[in-house]
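Remarks on the overall topology
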Amino acid sequence: QAIRTVTTRRLLLLPTGLLSRPPHAMAHDVAAPTELASAEAAAAAGAPDTVRVSAATAARIAARELSQAQAVADSVAVELPTHVVGSRCEVAPGGRRGRVRFVGHPGGVPRPLVGVELDEPLGPDVQRGGHWLDGVDYFQPSNPDSAVVWKAPYDVVCGDFPELDPFAGLGDSDDEPRLAE
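Residues numbered from 1 in each chain as written. Predicted model: local features only at pLDDT ≥ 70, side-chain atom pairs only at ≥ 80, totals over all residues. Heavy atoms only, no water.

All right, on to the side chain of Arg97 then. Along the chain, Arg97 turns up in strand E4 (residues 96–104). Looking at Arg97, its side chain comes within polar contact range of the main-chain oxygen of Pro162, at 2.8 Å. Those residues in contact with Arg97 that sit more than four places away from it in its chain are Arg88, Cys89, Glu90, Leu118, Asp119, Phe161, Pro162 and Leu164. (Helix = DSSP H or I, 4+ residues; strand = E, 2+ residues; numbered from the N terminus. Polar contact = N/O pair within 3.5 Å; in protein donor to acceptor, adjacent residues only side chain to side chain. Contact = heavy atoms within 4.5 Å.)

See below:
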């Protein structure tokens, strides 16, 4: 059985056996503190150095953060038949080439955007990593220092766009005539 005690701020449920005991005796009925998480586990859970966190709480926080990150990525990703994730593409302006890595609504943008990992870091709109302006990672680039752009679908043309070879127009050095020594 429990008796309901209403205070001005909240409703308390107290076991009836605790009502006949003084407040200092009730403090002993509280469960002993559980084992604290290591500093690494607490930091991984996002707790500041000044806060002590139990191992169970750190595990719950880590699980919640993981599920929220997955839910964000799942809720913002969309499928466009013309922009398949993993396909080669060319990005305007400048005919920059790369690979589609994300299609969706990053940061709650109402229209879809295409995240493209570029072959070369060209253009003023290039950033590093798979995160958008909100700091959330929407994809993992092949290299942490890869150049990435976020563009509207009409600025990204998917198709057969192989990586450009910077030495394609150059002949073999053995084919050139040797200068007289």
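Let's pick the thread back up.
Okay, unusual backbone geometry next. Pro93 follows Ala92 through a cis peptide bond whose omega is -10°. Along the polypeptide, Pro93 turns up in the loop between strand E3 (88–91) and E4.

Before going further, it helps to examine the environment of Ala152. Mapping Ala152 onto the fold places it in the loop between strand E7 (147–151) and strand E8 (156–158). By relative accessible area, which is 6% here, Ala152 ends up buried. Sequence separation of Ala152 and Val103 is 49 residues, and the distance between their C-alpha atoms is 9.6 Å. Discounting chain neighbours no more than four positions away, the residues touching Ala152 are Arg111, Pro112 and Leu113. (Buried < 20%, exposed > 50% of the residue type's maximum accessible area, 1.4 Å probe, protein only.)

This paragraph deals with the pairing of E3. Strand direction decides the pairing type here: E3 and E4, joined by four bridges, are antiparallel. By the bridge assignment, Glu90 is partnered in E4 with Arg97. The turn linking E3 back onto E4 is made up of four residues, and Gly94 within it adopts a positive phi angle of 100°. When E3 meets E8, the two strands line up antiparallel, connected through three bridges. (Pairing = 2+ DSSP bridges.)

We now examine the pattern of salt bridges. Counted by the stated rule, this structure contains five salt bridges. Across the salt bridge formed by Arg96 and Asp125, the nearest N and O atoms sit 2.7 Å from each other. With Arg96 in strand E4 and Asp125 in the loop between strand E5 (113–118) and strand E6 (127–128), this pair connects stretches of sequence that are 29 residues apart. One salt bridge connects Arg101 with Glu117, and the closest N-O pair in it is separated by 2.9 Å. A residue pair is termed long-range when its members are at least 10 positions apart, and Arg101 in strand E4 and Glu117 in strand E5 qualify at 16 residues. The network of salt bridges with shared partners includes Arg96, Asp125 and Lys151. (Salt bridge = Lys/Arg side-chain N within 4 Å of Asp/Glu carboxyl O.)

The next point concerns the sheet that holds E5. Within the open sheet, the six strands sit side by side as E6-E7-E5-E4-E3-E8. Their pairing is antiparallel. Either end of the sheet is taken by a strand with one partner, and the two such strands are E6 and E8. For E4 and E5, the ladder comprises six bridges, and the chain directions are antiparallel. Counterpart to Gly104 in the pairing with E5 is Leu113.

Now for the packing of aromatic side chains. Applying the stated rule across the entire model yields four aromatic pairs. Both rings, one in Phe102 and one in Tyr138, keep their centres 5.3 Å apart while their planes meet at 50°; by these two values the pair is tilted. With Phe102 in strand E4 and Tyr138 in the loop between E6 and E7, this residue pair connects regions lying 36 residues apart in the sequence. Given the relative accessible area of 5%, Phe102 is considered buried. (Phe/Tyr/Trp six-rings, centres within 6.5 Å; stacked < 30°, edge-to-face > 60°.)

With that settled, the discussion passes to the layout of surface pockets. Reported here for the largest pocket is a volume of approximately 160 Å³. In terms of lining, the largest pocket is formed by 14 residues, of which the most central are Glu117, Leu118, Asp119, Ser142 and Ser146. Here the lining of the largest pocket is built from residues that sort into three nonpolar, two polar and nine charged. (1 Å grid on protein atoms, 1.4 Å probe; cavity = no way out; pocket = protein on both sides within 12 Å on 5 of 7 lines; lining within 4 Å. Points joined across faces, edges and corners; volume = space filled by probe spheres on them. Nonpolar A, V, L, I, M, F, W, Y, C, P; charged D, E, K, R; others polar.)

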